[in-house]
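The primary structure of each chain is shown beneath.
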Amino acid sequence: MNQTIQTTCPYCGVGCGISAQVDAANRCVTINGDDSHPANFGRLCSKGSALGDTIELKGRLLQPSVYGRETNWTEALDLVADRFLDTIQKYGPDAVAIYGSGQLLTEDYYVANKLMKGFIGSGNMDTNSRLCMSSSVAGHKRAFGADTVPGCYEDYEHAELIILIGSNTAWCHPVSFQRIRAAKEANPSLKIVVIDPRRTASCDIADLHLPLASGSDAWLFNGLLNYVGHASRTNPTYIEQHTEGFAEALAAAENAGISQVAEQCRVNIEDLQRFYEWFATTDKVMSLYSQGINQSSSGTDKVNAIINCHLATGKIGKPGSGPFSLTGQPNAMGGREVGGLSHQLAAHMDFANVDDIDRVARFWGSRQIATKPGLPAVDLFDAIYDGKVKAVWIMGTNPVVSLPNADKVKQALQRCEFVVVSDCIANTDTTALAHVLLPAQGWSEKDGTVTNSERRISRQRALFKPAGNAKPDWWILTQVAQRMRFEQAFPYQSPVEIFREHAALSGFENNGSRDFDISAFADITQENYDRLQPTQWPVNQQYPQGRARLFDDGRFYTPSGKAQFIAITPSAPGMLPNADYPLILNTGRLRDQWHTMTRTAIAAKLNQHKPEPFVEIHPDDAARYGLIQNGLASIESRWGEMLARVQITGSQLPGNVFVPMHWTAQHASHGRMGALVNPFVDPVSKQPESKHTPVRIKAYQPVWQGFILSRHEFTAITSAYWVKIKGEQFYRYELAGDLIPNDWLEWANLNTGVTAPQWQEYQDTAKGNYRAALLVDNRLESVIFISRQNQFPERSWLTSLFVKTELDKTERMALLTGLPPQGVNDTGAIVCACFNIGEQTIKTAIKDQGLTSHQEVGCCLKAGTNCGSCVPEIKLLLLEHG
Ligand code: SF4
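Residues numbered from 1 in each chain as written. Predicted model: local features only at pLDDT ≥ 70, side-chain atom pairs only at ≥ 80, totals over all residues. Heavy atoms only, no water.

**Brief notes about the sheet that holds strand β30 (residues 721–727)**
If you walk across this open sheet you meet the 6 strands as β30-β31-β29-β34-β33-β32, and the pairing is antiparallel. The open sheet has two edge strands with one neighbour each: β30 and β32 (760–764). The sheet shows a mean angle of 10 degrees between the axes of neighbouring strands, taken without regard to direction. Judged from the 5 bridges that link them, β32 and strand β33 (residues 769–776) form a sheet pairing that is antiparallel. By the bridge assignment, Q763 is partnered in β33 with Y770. Seen against the sheet, helix α24 (residues 744–752) touches β29 (704–710), β31 (730–737), β32, β33 and β34 (779–787) and runs at an angle of roughly 50 degrees to β29. Here helix α26 (residues 809–817) sits on the sheet and contacts β32, β33 and β34; the angle it forms with β33, its principal contact strand, is near 150 degrees. (Pairing = 2+ DSSP bridges. Helix = DSSP H or I, 4+ residues; strand = E, 2+ residues; numbered from the N terminus. Axes fitted to C-alpha atoms, helices over the stretch in contact; angles between N-to-C directions. Contact = heavy atoms within 4.5 Å.)

**Let's talk about the site of the ligand**
Neighbouring the ligand are the residues C9, Y11, C12, V14, G15, C16, L44, C45, K47, G48, P174 and V175. Elements with a minimum of two residues in the shell around the ligand: α1 (46–49) and α7 (174–186). A breakdown of the residues in the shell around the ligand according to their chemical character gives 9 nonpolar, 2 polar and 1 charged. (Near = heavy atom within 4 Å. Nonpolar A, V, L, I, M, F, W, Y, C, P; charged D, E, K, R; others polar.)

**Some words on the layout of surface pockets**
The space that makes up the second largest pocket amounts to roughly 640 Å³. What lines the second largest pocket is a set of 28 residues, among which N427, Q666, H667, E713 and K724 lie closest to the centre. Counting only elements with at least two residues in the lining of the second largest pocket, the list comes to β30 and β31. When residues in the lining of the second largest pocket are grouped by element, the largest group, 4 residues, is from β30. Grouping the amino acids of the lining of the second largest pocket by side-chain chemistry returns 14 nonpolar, 8 polar and 6 charged. (1 Å grid on protein atoms, 1.4 Å probe; cavity = no way out; pocket = protein on both sides within 12 Å on 5 of 7 lines; lining within 4 Å. Points joined across faces, edges and corners; volume = space filled by probe spheres on them.)

**Some words on the pattern of salt bridges**
Between side chains of opposite charge, a pair can form as their charged atoms come close. One pass over the structure, following the stated rule, counts 51 salt bridges. Between K605 and D53 there is a salt bridge, with its nearest N and O atoms 4.0 Å apart. Of the two residues, K605 is situated in the loop between β23 (583–588) and β24 (614–617) and D53 in the loop between α1 and β4 (65–66); the sequence distance between them amounts to 552 residues. Relative accessible area serves as the criterion here: at 27%, K605 is assigned to the partly exposed category. (Salt bridge = Lys/Arg side-chain N within 4 Å of Asp/Glu carboxyl O. Buried < 20%, exposed > 50% of the residue type's maximum accessible area, 1.4 Å probe, protein only.)

**A short note on empty space enclosed by the protein**
On inspection of all chains with the given rule, the structure shows 5 cavities of 30 Å³ or more. For the second largest cavity, the lining is made up of 13 residues, of which T54, R60, G442, W443 and R599 are closest to its centre. Residues that form the lining of the second largest cavity fall into these classes: 7 nonpolar, 3 polar and 3 charged.

**Here's the deal with the sheet that holds strand β20 (residues 456–460)**
One open sheet holds the 3 strands; their spatial order is β19-β20-β21, and the pairing between them is antiparallel. The strands lining the two open edges of the sheet, one partner per strand, are β19 (448–451) and β21 (535–536). One ladder, built from 4 bridges, connects β19 with β20; its direction is antiparallel. Residue pairing for β20: T449 is matched across the bridge by R459.

**Some words on the environment of N540**
Mapped onto the fold, N540 is located in the loop between β21 and β22 (563–564). In this structure N540 comes out as buried when scored by relative accessible area, which is 11%. Through-space distance from the C-alpha of N540 to that of I518 is 5.4 Å; in sequence the pair is 22 residues apart. Excluding residues that lie within four positions of it along the chain, N540 makes contacts with D517, S519 and A520. A polar contact of 3.2 Å, which involves the side chain of N540, links it to the side chain of D517. A polar atom in the side chain of N540 sits 3.2 Å from the backbone nitrogen of Q542. (Polar contact = N/O pair within 3.5 Å; in protein donor to acceptor, adjacent residues only side chain to side chain.)

**Considering the packing of aromatic side chains**
Inspection of the entire model under this criterion finds 33 aromatic pairs. Taken together, F119, F486, F490 and Y492 form an aromatic cluster joined through their ring pairs. A cation sits over an aromatic face here: K390 above Y91, 4.5 Å from the ring centre. Sitting over the ring of W475, K471 keeps its end group 4.9 Å from the ring centre. (Phe/Tyr/Trp six-rings, centres within 6.5 Å; stacked < 30°, edge-to-face > 60°. Lys NZ or Arg CZ within 6 Å of the ring centre and 35° of its normal.)

**Topic: helix α28 (residues 854–861)**
Buried residues of α28: H854, V857, G858 and L861, and no others. Here the buried residues of α28 occupy an arc of 100 degrees about the axis, which is enough to place them on one side. Following α28 by one or two positions, K862 has its phi on the positive side, about 75 degrees. (Arc of directions from axis to C-beta.)

**A word on the environment of G33**
Tracing the chain through its elements places G33 in strand β3 (residues 28–33). Taking the relative accessible area as the measure of exposure, G33 reaches 15% and is therefore buried. Spatially, the C-alpha atom of G33 lies 28 Å from that of G322, the residues being 289 residues apart in sequence.

**Things to note about the packing of helix α4 (residues 134–144) against helix α14 (residues 299–313)**
The contact between α4 and α14 brings their axes to 8 Å, and the two run at 50 degrees. Here α4 is positioned oblique relative to α14, judged by the angle of their axes. The way α4 lies across α14 gives a crossing that is right-handed. From α4, S135, S136, A138, G139, H140, R142, A143 and F144 reach across to α14, where they touch G299, T300, D301, V303, N304 and I307. (Parallel < 35°, antiparallel > 145°, perpendicular 65-115°, else oblique. Left-handed = near helix turned anticlockwise from the far one by under 90°.)

**Comments concerning the pairing of strand β2 (residues 17–23)**
With 6 of its 7 residues buried, β2 lies for the most part within the structure. The sheet contact formed by β2 and β3 spans 6 bridges and is antiparallel. When the bridges of β3 are listed, D23 appears paired with C28. Counting the residues between successive antiparallel strands, the hairpin from β2 to β3 contains 4 residues, one of them, R27, with a positive phi of roughly 45 degrees.

Encoded structure:
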C-alpha cells in the first residue's frame with residue numbers, strides 16, 4: 001500500500017517541501033509539492049518534480065571498497081580510522097582533513113565538524129559551501145556580528161521593489177522566482193530590477209535590467225550609498241540609534257558619483273538614475289543576491305556594499321525589506337549552523353573568540369579542541385597537492401569538477417597518500433581517485449534535518465530502505481570516531497540524538513548573545529522530531545514557534561549591539577583580461593541540472609533542455625573569433641581548457657562568455673569548466689572567483705561531427721569529442737572527430753559494442769555523410785548519423801522511435817534518408833521538461849493558432865503550466881514567432 005511521506009527537495013536553497021507517495025515494495029515514488037510547506041506551498045520546479053526518476057539503483061555505490069576491492073564495513077572503517085590515527089601520530093592533526101558538502105544533512109555535518117575540530121583537534125573541516133556563499137557569511141558577520149539572513153520568503157509579498165543581483169533566480173531558485181512573479185501579478189506596482197551582466201531568464205519579469213560590467217557591483221552599490229546620502233534619503237534616526245561607521249562608509253563612496261558609476265559599470269546613466277531613485281523613494285525594498293555577488297575575489301565587500309545601503313535607509317528587519325542571500329545548496333545554511341566552514345567552530349561560534357573555544361570544549365568535553373581556523377577549500381587542496389595534508393575524507397561532493405583550477409585538484413588527489421570518499425554514486429570524477437569508497441545513503445533514504453535560505457529547518461524523511469549496504473553519513477562518521485577512541489563523545493544511535501545535542505549547544509551559555517539558538521529542541525522526543533514542522537530559527541524560550549524576521553528590534557550581535565557599516569573601496573578582479581586572454585568567462589547553473597549531474601543526469605527528462613556543454617557569446621565576439629552558431633569552440637584559460645557548442649546571443653555583453661558548470665568527465669570528454677576557472681579567492685571569505693576568469697576562444701573544427709542514439713550505454717567512445725545524454729529508453733552520444741575512420745562499419749561496431757551487427761547503411765563519400773541503423777525484429781536498437789558538413793535532423797524525431805516496439809516501413813526508410821516521414825513533425829529541443837514539449841511544437845502552435853500569450857500556449861499545449869520554469873523561454877518564442 002502506498003504511503004504519503006512529507007520530506008524536502010535535495011537540490012537548491014529554496015528548500016521546497018515534498019509530498020511523496022511511496023510504493024516501497026516496488027521502490028518507486030510519485031512526487032508532488034507539499035501544499036502545507038511555507039517555502040513552496042505545493043509548487044516544485046522541473047528538478048524537484050523529476051526526483052522520482054532519480055532513485056534508481058543503477059550507478060549507486062552499494063558496497064564499501066578498499067583499494068578497488070569490495071569489502072565489508074568493518075574492514076573499511078578500521079582502515080579509515082587506522083590511517084587517520086597513524087597520519088595524525090606521525091604528522092600532527094593538521095595533516096588530515098574533511099571536505100564536506102551542502103548536500104549533507106545537519107546531523108551528518110554536526111558529527112563531521114565535532115570529530116575534526118573537537119577531537120582530532122584540527123580546523124581542517126571545510127565544505128563546498130565555501131564555493132557558494134562564504135562571502136555572504138563573512139559579509140553578514142562584519143555587518144551584523146552574526147551570520148544572519150534577516151528576512152523570509154513572505155517578504156516577497158510585502159515588498160514594493162525587489163532587486164535581483166547576480167542571481168538568475170528563474171533558473172537557480174525557480175520556486176522563489178515563481179513566487180516573486182505571482183507577487184508582481186497580484187501587485188503590479190511591485191517593481192523588479194535585475195542586476196546582471198547577462199540578460200537571463202530572470203529578466204522576464206524585470207521592469208529594469210542593468211547589464212553592469214562584470215565585477216563592478218561594489219561601484220554600483222557605493223554609488224547608491226552616495227546617492228541616498230546626497231539626496232537626503234537616508235534614515236538618520238535609524239543610523240544614529242542602530243548603526244556605527246556610516247560617515248566612514250559614505251566617505252569611501254564619495255568618489256562614486258552617478259556619472260563615475262555609469263562609466264565604471266558601463267551602464268546607461270538614465271537607467272542607473274532610475275534604479276537609484278526607485279531604491280531611495282521606495283519604502284519596502286528587498287535585495288536578493290547570489291553567486292554573482294559571492295563568487296568574487298571581492299565578494300565580501302560586495303555583500304557589505306549592498307547591506308550598507310539597507311542600513312543607511314533603515315530598510316531592514318521589517319516586512320518586505322532587507323538584504324537576502326539566496327543560498328545555493330539545500331543545506332548550506334545547516335552547514336553554517338554547525339560550523340561546517342573551516343574558520344567556524346560550531347553553533348555560530350568562531351575560533352576568533354577564545355571564550356567560544358573554551359565554551360565549545362567544555363560542552364563537548366574535549367581536551368584537544370582545535371584552537372585556530374583550518375584550511376579553506378582552495379588552500380586545502382593546495383596543501384594536499386603540496387603533501388602537507390596527507391589524508392582527506394571527501395563527503396558527498398565532487399571537487400575534481402567543481403573546484404577552481406580543477407586539473408590541479410585532480411593531481412592533488414592523485415598525489416595524496418590516503419583519499420576516502422563517501423558518496424551515494426559509484427562513478428564520479430572524484431570517486432575514481434579514492435583509496436577507500438564508503439557507500440552513503442541517498443536522498444530518498446536519509447533521515448534528518450536541513451535549513452533553507454530563510455532559516456527554516458525542515459525534516460528530510462526516508463522514503464525507502466537503504467540501497468545495498470549504504471549507511472547514513474552520521475553513522476559512518478560515528479563509527480570512525482569510535483574506532484579513533486572517541487567513543488564517549490560519539491555515542492549516537494539515531495539522528496534525533498545528534499539534533500538534540502546540536503540544539504543544546506546552540507543554547508549553551510547563549511543568553512541572547514548569539515543569533516543561532518534552537519535550544520527549544522534540546523529535549524525533543526523522537527516522536528516530536530518525526531513530526532517536526534518547518535520552523536524558522538531562532539526557536540527558544542522567547543520564540544518557541546520560531547521567528548520570521550530578525551533585527552526588527554534594531555538589535556544586532558556586535559559587541560555594541562549596533563550594525564556596522566563597512567567602508568568599501570571597489571577592487572579589481574584577481575586577473576583582468578589581457579592580450580592573451582581577452583574575454584571574461586562567467587560560469588553558472590542551468591534550469592534542469594544540478595551541480596555535477598550525478599543525480600539530475602539520471603532523469604531523462606532533465607537532459608533534454610540543454611543537452612550539451614555550450615558557450616554563450618555575443619555576436620560581435622563570435623564574428624571576431626570566427627565562430628558559427630552550433631559550431632564547436634575551444635575555450636582556454638591560463639589554467640585549463642574545455643570544448644563547448646557555440647550559442648551566439650545578444651544576452652551576453654561583448655567581451656564576456658558564459659559556460660554552464662555541470663559537465664564532468666563522466667558525461668563529456670572536454671566539458672569540465674572547473675579546469676578553466678582561476679583560483680583567486682576573496683581575502684576575507686576565501687571564496688573563489690568563479691565568475692571572472694580571463695579566457696580566449698577559437699573555433700574547433702573537427703573533420704566530422706555526428707551522433708549515435710542507442711538503446712544501450714557504451715563503455716568506451718573513441719572520438720575526440722563526445723557528450724553522453726540519457727534519454728527515455730535511449731542514450732544519445734554527440735560526437736566529433738579529427739580522423740575519418742577507414743571503415744565506418746568497423747568504427748560503429750567498436751563504439752556500440754555490437755559484435756554481429758546487421759546494420760543498414762547509407763554512405764555518400766563525396767559529401768562525407770554516413771548513416772546506419774540497427775534494428776532487431778523491426779525494433780530500433782541504434783542509429784548513427786555522421787557528416788562532414790555538420791548538417792543533421794533534430795534528434796527529437798529519432799529519439800521518439802525508441803519508445804516504439806516496432807517501426808513501420810516508412811519509419812525504417814526515413815532512418816536512412818535522415819528526414820522525418822511526411823506528416824511527422826519534429827518537436828525540436830525540449831522547452832517544457834514537465835510535459836516534454838519541444839520548441840518546434842510551440843512555434844507551430846503559436847503560428848498556426850495565433851497564440852499571443854504564455855497562458856494561451858499553456859491552455860493549448862500545457863507547456864509552462866506546472867512548475868513554470870519554462871515560461872520565460874515560451875515568452876521569448878512568442879516574441880520571436882508571434
Ligand atoms: Fe527543489 Fe526546485 Fe524547490 Fe529548489 S526550487 S528546492 S530545486 S523544487
